[in-house]
There are 2 protein chains.
Amino acid sequence: MDRKTVTDSTDDGFAEVVTLGQDSPLRLDSGDSIGPFQVAYKCWGKLNDDRSNAVLVCHALTGDQYVRGINPITGKKGWWQNMVGPGRPVDTGRYFVICINVLGSCAGTTGPASPDPETGRPYGLTFPVITIGDMVRAQAMLLDHLGIESLFSVIGGSMGGMQALQWAVDYPDRVKTVIAIATTWRHSAQNIAFHEVGRQAIMADANWDHGRYYDNGGARPHAGLAVARMAAHITYMSERGLTSRFGRSLQDRDRVAFGFDADFQIESYLRHQGISFVDRFDANSYLYITRAMDYYDLGSPYGGILAKAFQGTTTRFCVLSFTSDWLYTTGESRHIVRALNAARARVSYADIDMDKGHDSFLLDCPEMFTIIRGFLSSEADSIGGFQS
Amino acid sequence: MDRKTVTDSTDDGFAEVVTLGQDSPLRLDSGDSIGPFQVAYKCWGKLNDDRSNAVLVCHALTGDQYVRGINPITGKKGWWQNMVGPGRPVDTGRYFVICINVLGSCAGTTGPASPDPETGRPYGLTFPVITIGDMVRAQAMLLDHLGIESLFSVIGGSMGGMQALQWAVDYPDRVKTVIAIATTWRHSAQNIAFHEVGRQAIMADANWDHGRYYDNGGARPHAGLAVARMAAHITYMSERGLTSRFGRSLQDRDRVAFGFDADFQIESYLRHQGISFVDRFDANSYLYITRAMDYYDLGSPYGGILAKAFQGTTTRFCVLSFTSDWLYTTGESRHIVRALNAARARVSYADIDMDKGHDSFLLDCPEMFTIIRGFLSSEADSIGGFQS
């Protein structure tokens, strides 16, 4: 990376796409490999002279590298505007923050919608099936390319938390701290079941055409993808949150309409979630990334004993869960904490009382902000405070 | 009803379809009306001389009147074989048991797939939108037709429980006892959300064709209906039940296949649930019945105060919930019980510790069987025991 560019980056950040794997392709967990491939990232703040203040933010299933600032795809603000920025818990005045669009996604990093270099045409289902481990290895390749050897922290919620934990397991020497929020150590049967419903909804859409819809003159599996998003979105909110926000309130009416239009506000809200999603996300990427999450099982290479995955780690961990998260429950986080304790890792844990369900990690949550700010600051202070 | 037929009915029961509403149509909650329409039912046991031993069993969303014996549509055993029969908790040696396919369904009672008498062609979306109250009024019309004035009990789980409670509210003088299992007093935002996903999946299927698929030369919205069923099925099982039954077990493999075929057993199981469902259920019926459930709010006509719905009731209630049911939770049943208490109704309540989720009411559950057997027997004994 051009050091000057980083130094010069403003609050708006600096976005870039680089090509990796030209000479030696990325080996994937499937045994397949991929290369060359593109990696899109965005960064904020200033990398200090000894390159010790880099914080990698990992995004969730449908997220992207646009953590803060205007997202050029949606025209909306970044997804973690309140967490990352000057004076925010992940303080871009102190840390150099980077977020990398994951492999298989569709915001600049190579995924199924990208052209296969061998054919010049979109991969579609010829794109290799990837894992969370593959995503992390692609990120490590980018950091190598940028000359960032060590990460002060890897932070993520949901699938971002899976990557953060994977970083700690696969690159223990490169990661000083990990903050894993609203996440799990392996996808449960229920987690897989919800993803499978979404995938089946996409594949049931006649426009999906076995993933070859890119050339169909504009006809895309939008209906199926919208249904997938709707089903997933229910899992991101708590029953109590839905009840307090929507309850049985009707749409601009004082009685039900006795029809199949959106009668209840929750229906209208869900439909909006589905419809607005299809404009910003590729259906095949949804298949690939949900598959990667389903395959995620951090204990599997260690005979199912998660503690062994963390054996000997010197990384310091912060694990956060939300009481109302029924997608990746408090119980899953506690399992992670117990494994870390068994591995004698240093770990802080909080189960935050918040009624907004899984998506709490994306919302204004003062307790989460306070904990993360304190965790990072105390660790930064303990190693000298990043004087540049 | 031909009394001799009832007297002669064996354990296999007696199935019949009658036409109602020729002279005076059924008035619906929407303000619309329907008639003539057909009602299909099945009954077991013998109606006693004073016609006081009739038990109405109400079926759930995708259920039918084939409570026991071979279901002619599926070729499988009835859905409540262990609950209803000679010597079973709902003892057909003592009670005359009748189950009626609900209005809007597709097992013989008129629904959107039935011919509209005015056109001779399937209703499709010209079928009127119905409510749980409408279903119950149609059932009452059939019982009038059969000369059954009073019901010893109305019993149902899930949507069947909604009907049972509706019976108690709308016909308090006709119902001696009500057994409401794994049910609710109103559909919550989350309940509506899951149904809306199912409906959107059906309507997203190109074969749905705005509900006019009956004439499409065999092309039906099977893919969408299967997705709807899969999404719903997840809500019928508990996270713990899914984990203990499937966990992350793979399909006949020792490693994941890095593809989109069913890798995990839970995927294969869900796909089977979806695929087998479409052979026995009409997609439009699914739209109409889920809509009726979403509209269900027993407190609504009483200013939201559920107790008022039961004011002055002499019906005796038995409310049962399952600890692992996250579709219609213990909390919902407790709300019903509190309202019944406030209305000074006689009510028994049990929250049964079972880890199989909502579908527990369909499974072998000795505690449920014991409670229901005892509840019915004690009430039957108290009124003289149905000596014929």
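Anything mentioned here points back to the structure above.
In this text the structure is predicted, and so the values were computed from the model without any measurement.

**Q** How would you sum up the environment of Gln265 of chain B? Please name residues and give values.
**A** Residues and elements named next belong to chain B. In this structure, Gln265 sits in helix α7 (residues 265-277). Ignoring any residue separated from it by four or fewer positions in sequence, one finds Gln265 in contact with Phe246, Ser249, Leu250 and Gln251. At 3.1 Å, the side chain of Gln265 forms a polar contact with the backbone oxygen of Leu250.

**Q** Go over the sheet that holds strand β9 (residues 151-157) of chain B with me, naming the residues and quoting the values.
**A** Residues and elements named next belong to chain B. A sheet is described by the order of its strands in space; here eight strands give the open sequence β1-β4-β8-β5-β9-β10-β11-β12, paired in mixed fashion. The sheet terminates laterally at β1 (14-20) and β12 (346-352), the two strands that pair on one side only. Each neighbouring strand pair of the sheet contributes to a mean axis angle of 20°, computed without reference to strand direction. Sheet analysis places strand β4 (residues 37-44) next to strand β8 (residues 96-100), joined by four bridges and oriented antiparallel. What sits directly across from Trp44, in β8, is Val97. Of the strands in this sheet, β9, β10 (175-181), β11 (316-322) and β12 touch helix α11 (residues 366-382), which is tilted by about 180° from β11.

**Q** Residue-level account of the state of the cysteines, with values.
**A** All names here are of chain B. Summed over the entire model, instances satisfying the criterion amount to zero disulfides over all chains. Cys43 takes part in no disulfide bond, and the closest cysteine sulfur to it belongs to Cys99, at a distance of 11 Å. The class of Cys43 is buried, set by a relative accessible area of 0%.

**Q** Could you give me a rundown of the pattern of salt bridges, with the residues and numbers involved?
**A** All names here are of chain A. Applying the stated rule across the entire model yields 38 salt bridges over all chains. Of the charged contacts, one joins Asp144 and Arg174 as a salt bridge, the two residues approaching to 2.9 Å between their closest N and O atoms. Placement of the pair is Asp144 in helix α2 (residues 132-146) and Arg174 in the loop between α3 (159-170) and β10 (175-181), with a sequence separation of 30 residues. Classification of Asp144 by relative accessible area gives partly exposed; the value is 47%.

**Q** Go over the nonpolar core, please, and point to the residues and values.
**A** Ile98, Trp167 and Ile266 of chain A together with Ile98, Trp167 and Ile266 of chain B are the most contacted members of the largest nonpolar core, which has 211 residues in total. Dropping the residues within four chain positions of it, Ile98 of chain A is found in contact with Tyr41, Lys42, Cys43, Val55, Leu56, Val57, Leu142, Leu143 and Leu146 of chain A.

**Q** With reference to specific residues and values, describe the side chain of Thr184 of chain B.
**A** Residues and elements named next belong to chain B. Examined against the element boundaries, Thr184 turns out to sit in the loop between β10 and α4 (189-204). Taking relative accessible area as the criterion, Thr184 reaches 0% and is therefore assigned buried. Within polar-contact distance, the side chain of Thr184 engages the side chain of Glu332 at 3.5 Å. Thr184 has contacts with Met162, Leu165, Tyr296, Tyr328, Glu332 and Ile336, leaving out every residue within four places of it along the chain.

**Q** How would you sum up the relation of the copies chain A and chain B? Please name residues and give values.
**A** Under the fitted operation, chain A is carried onto chain B by 0.0 Å of movement along the axis and a turn of 180°, and the coordinates agree to an RMSD of 0.0 Å. The transformation relating the two chain copies, once decomposed into turn and shift, fits a two-fold axis. Mapped onto chain B, 98% of the interface residues of chain A again fall at the interface, so both copies present the same surface.

**Q** Kindly report on the pairing of β12 of chain B, identifying the contributing residues and their values.
**A** Residues and elements named next belong to chain B. Sheet topology note: the β11/β12 ladder contains seven bridges and is parallel. By the bridge assignment, Leu320 is partnered in β12 with Ala350. On the question of chirality, the crossover connecting β11 to the parallel β12 by way of helix α10 (residues 330-342) is right-handed.

**Q** Outline the pairing of strand β5 (residues 54-58) of chain B, supporting the account with residue identities and numerical values.
**A** Residue and element names in this part refer to chain B. The buried fraction of β5 is high, at five of five residues. Neither face of β5 is open: one carries Ala54, Leu56 and Cys58, the other Val55 and Val57, and all of them are buried. Where β5 lies against β8, four bridges are found, and the strand directions are parallel. When the sheet's bridge partners are listed, Val55 is paired in β8 with Val97. Of the strand pairs in this sheet, β5 and β9 are connected by four bridges, and their pairing is parallel. Bridge pairing links Cys58 to Gly156 in β9.

Conventions used here
Residues numbered from 1 in each chain as written. Chains lettered and ligands numbered in written order. Predicted model: local features only at pLDDT ≥ 70, side-chain atom pairs only at ≥ 80, totals over all residues. Heavy atoms only, no water. Helix = DSSP H or I, 4+ residues; strand = E, 2+ residues; numbered from the N terminus. Contact = heavy atoms within 4.5 Å. Polar contact = N/O pair within 3.5 Å; in protein donor to acceptor, adjacent residues only side chain to side chain. Pairing = 2+ DSSP bridges. Axes fitted to C-alpha atoms, helices over the stretch in contact; angles between N-to-C directions. Disulfide = S-S within 2.5 Å. Buried < 20%, exposed > 50% of the residue type's maximum accessible area, 1.4 Å probe, protein only. Salt bridge = Lys/Arg side-chain N within 4 Å of Asp/Glu carboxyl O. Core = buried A, V, L, I, M, F, W, Y, C linked by side-chain atoms within 4.5 Å. Least-squares fit on C-alpha atoms with pLDDT ≥ 70 in both. Right-handed = clockwise from strand over helix to strand, strands pointing away.

By themselves these figures say nothing about function.
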